[in-house]
Amino acid sequence: MSQKKILLVEDELAIREMMKFAFFKSDYLLLEAEDAEEAQVMITNEQPDLILLDWMLPGISGLELAQRLKRSDSSKEIPIIMLTARGEENDRVRGLDAGADDYVTKPFSPRELMARIKAVLRRVAPDQDGIIELGGIRMDSEKHRLFVEDKPFELGPTEYKLLHFFMTHPERVYNRSQLLDRVWGGDVYIEERTVDVHIRRLRKVLTEYNAEHLIQTVRGAGYRFSIE
Ligand code: CA
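Residues numbered from 1 in each chain as written. Predicted model: local features only at pLDDT ≥ 70, side-chain atom pairs only at ≥ 80, totals over all residues. Heavy atoms only, no water.

> Before we move on, can you summarise the side chain of Asp196 with the specific residues and values?
The residue Asp196 is located in helix 8 (residues 193-207) in this model. With residues up to four places along the chain from it excluded, the contact list for Asp196 reads Arg176 and Tyr223. (Helix = DSSP H or I, 4+ residues; strand = E, 2+ residues; numbered from the N terminus. Contact = heavy atoms within 4.5 Å.)

Here it is in structure tokens:
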């Protein structure tokens, strides 16, 4: 398999240096651009597999660049992870609306970012066979089958969707309303405590395979799928 190219668009040298170090040991090839203009040239010439895009860039902002890329046929398929210092819900939504596939708030650990990159690349182009593997769980998203250490197990449809969402969005916290939006869909009215019920059911099944630690409760914030 050829090495995936990741384009980092970031004006802060310190972050570029940190990433260079993190990517040196990874399976990815890191390309860098300091601003939107340089990024456009890189995208045309190199066709990266994924773009890490800083929100606050001099000149054309990351948000604006994301919108442009998603409007253009030649770049709209390239997944984007926004990097931002802002943590506000509004900005998160604006970033996702602009076409970003995921969103990482600074400061982030290289390890967290690597997990996100892997997840986004899998989601966009799952291994030809549609297999997602994380934390000892293997999910065959085409055949809807689940395994822990090669032992098959089953989940109800909602728990399956919940686990699929978590496995494709690892290492980040989602509150109940975000989970309702992303897993159940935005238009249905469901009470937030429904989320707790399904989390409990999911954990109960995972407990049988000693994997319940993967679904973590973050007090006052929500839930997270974490392999740490
Ligand atoms: Ca910046």
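> How would you explain the domain arrangement of the protein chain if you had to name every residue and give the values?
When the domains of the protein chain are assigned, the result is domain 1 (4-124) and domain 2 (131-225). Domain 1 and domain 2 are separated by 26 Å when their C-alpha centres are compared. Between domain 1 and domain 2, the contact holds eleven residues from the first and eleven residues from the second. Buried area between domain 1 and domain 2, summed over both chains or domains, comes out near 940 Å², and the portion from carbon and sulfur atoms is 44%. For the pair domain 1 and domain 2, the number of links is one salt bridge. (Domains from an automatic or database assignment. Buried area = accessible area lost by both parts, 1.4 Å probe. Salt bridge = Lys/Arg side-chain N within 4 Å of Asp/Glu carboxyl O.)

> Run through the sheet that holds strand 1 (residues 5-9), naming residues and quoting values.
Spatially, 2-1-3-4-5 is the arrangement adopted by the five strands of the open sheet, whose pairing is parallel. Each edge of the open sheet carries a strand with a single partner, namely strand 2 (29-33) and strand 5 (102-105). The average angle at which neighbouring strand axes cross in this sheet is 20°, direction not considered. Running at roughly 165° to strand 2, helix 1 (residues 13-24) makes contact with strand 1, strand 2 and strand 3 (50-54) of the sheet. Strands strand 1, strand 2 and strand 3 of the sheet are contacted by helix 2 (residues 36-46), whose axis makes an angle of about 145° with strand 2. (Pairing = 2+ DSSP bridges. Axes fitted to C-alpha atoms, helices over the stretch in contact; angles between N-to-C directions.)

> Lay out the packing of helix 6 (residues 157-168) against helix 8 with the relevant residues and their values.
Packing of helix 6 against helix 8 brings their axes to within 9 Å, and their N-to-C directions diverge by 85°. Relative to helix 8, the element helix 6 is oriented roughly perpendicular. Touching Thr158, Glu159, Leu162, Leu163 and Phe166 of helix 6 are His198, Ile199, Arg201 and Leu202, all from helix 8. Tallied by class, residues from the contact of helix 6 with helix 8 come to five nonpolar, two polar and two charged. (Parallel < 35°, antiparallel > 145°, perpendicular 65-115°, else oblique. Nonpolar A, V, L, I, M, F, W, Y, C, P; charged D, E, K, R; others polar.)

> Mind laying out the coordination of the calcium ion, listing which residues take part and the relevant values?
Here the calcium ion is held by Asp11 (OD), Asp54 (OD) and Met56 (O), and the distances to it run 2.1 to 2.3 Å. All donors to the calcium ion come from one chain, and their sequence spacing reads D-x42-D-x1-M. On the criterion of sequence distance, the pair formed by Asp11 in the loop between strand 1 and helix 1 and Asp54 in strand 3 is long-range, its members being 43 residues apart. (Donors = N, O, S within 2.8 Å, 3.2 Å for Na, K, Ca; no water.)

> Tell me what's going on with the packing of aromatic side chains, and back it up with residues and numbers.
By the definition in use, this model includes four aromatic pairs. Relative to Phe166, the ring of Phe165 has its centre 6.4 Å away and its plane inclined at 55°; by these criteria the two rings are tilted. We classify Phe166 as buried; its relative accessible area is 0%. Ring centres of Phe165 and Tyr174 lie 4.9 Å apart, and the angle between their planes is 70°; this geometry places the pair in the edge-to-face category. Exposure class is identical for Phe165 and Tyr174. Each is buried. Among the aromatic residues, those joined into a ring-pair cluster are Phe165, Phe166 and Tyr174. The ring of Phe147 has Arg138 sitting right over it, with the charged end atom 4.6 Å from the ring centre. (Phe/Tyr/Trp six-rings, centres within 6.5 Å; stacked < 30°, edge-to-face > 60°. Buried < 20%, exposed > 50% of the residue type's maximum accessible area, 1.4 Å probe, protein only. Lys NZ or Arg CZ within 6 Å of the ring centre and 35° of its normal.)

> Lay out the environment of Lys70 with the relevant residues and their values.
Among the secondary structure elements, Lys70 is positioned in helix 3 (residues 62-71). At 3.1 Å, the side chain of Lys70 and the backbone oxygen of Lys76 are in polar contact. Here the side chain of Lys70 touches Ile78 through a polar contact of 2.9 Å, landing on its backbone oxygen. (Polar contact = N/O pair within 3.5 Å; in protein donor to acceptor, adjacent residues only side chain to side chain.)

> Lay out helix 8 in plain terms, naming residues and giving numbers.
Taking 1.5 Å per residue as the helical rise, helix 8 with its 15 residues ought to reach 21 Å, and the 21 Å between its terminal C-alpha atoms agrees with that figure. Considered for burial, the residues of helix 8 that qualify are Val195, Asp196, His198, Ile199, Leu202, Val205 and Leu206. Those residues of helix 8 that are buried are in contact with strand 7 (137-140), strand 9 (151-153), helix 6, helix 7 (176-184), strand 11 (215-218) and strand 12 (222-225). (Expected span 1.5 Å × (residues − 1).)

> An account of unusual backbone geometry is needed here, citing residue identities and associated values.
Backbone geometry follows two general trends: most residues other than glycine have a negative phi, and most peptide bonds adopt the trans configuration. Pro107 follows Lys106 through a cis peptide bond whose omega is -5°. The topology assignment puts Pro107 in the loop between strand 5 and helix 5 (110-124). Even without a glycine there, the phi angle at Glu149 is positive, about 45°. Turning to its location among the elements, Glu149 is positioned in the loop between strand 8 (145-148) and strand 9. The exposure class of Glu149 is exposed, given its relative accessible area of 60%.

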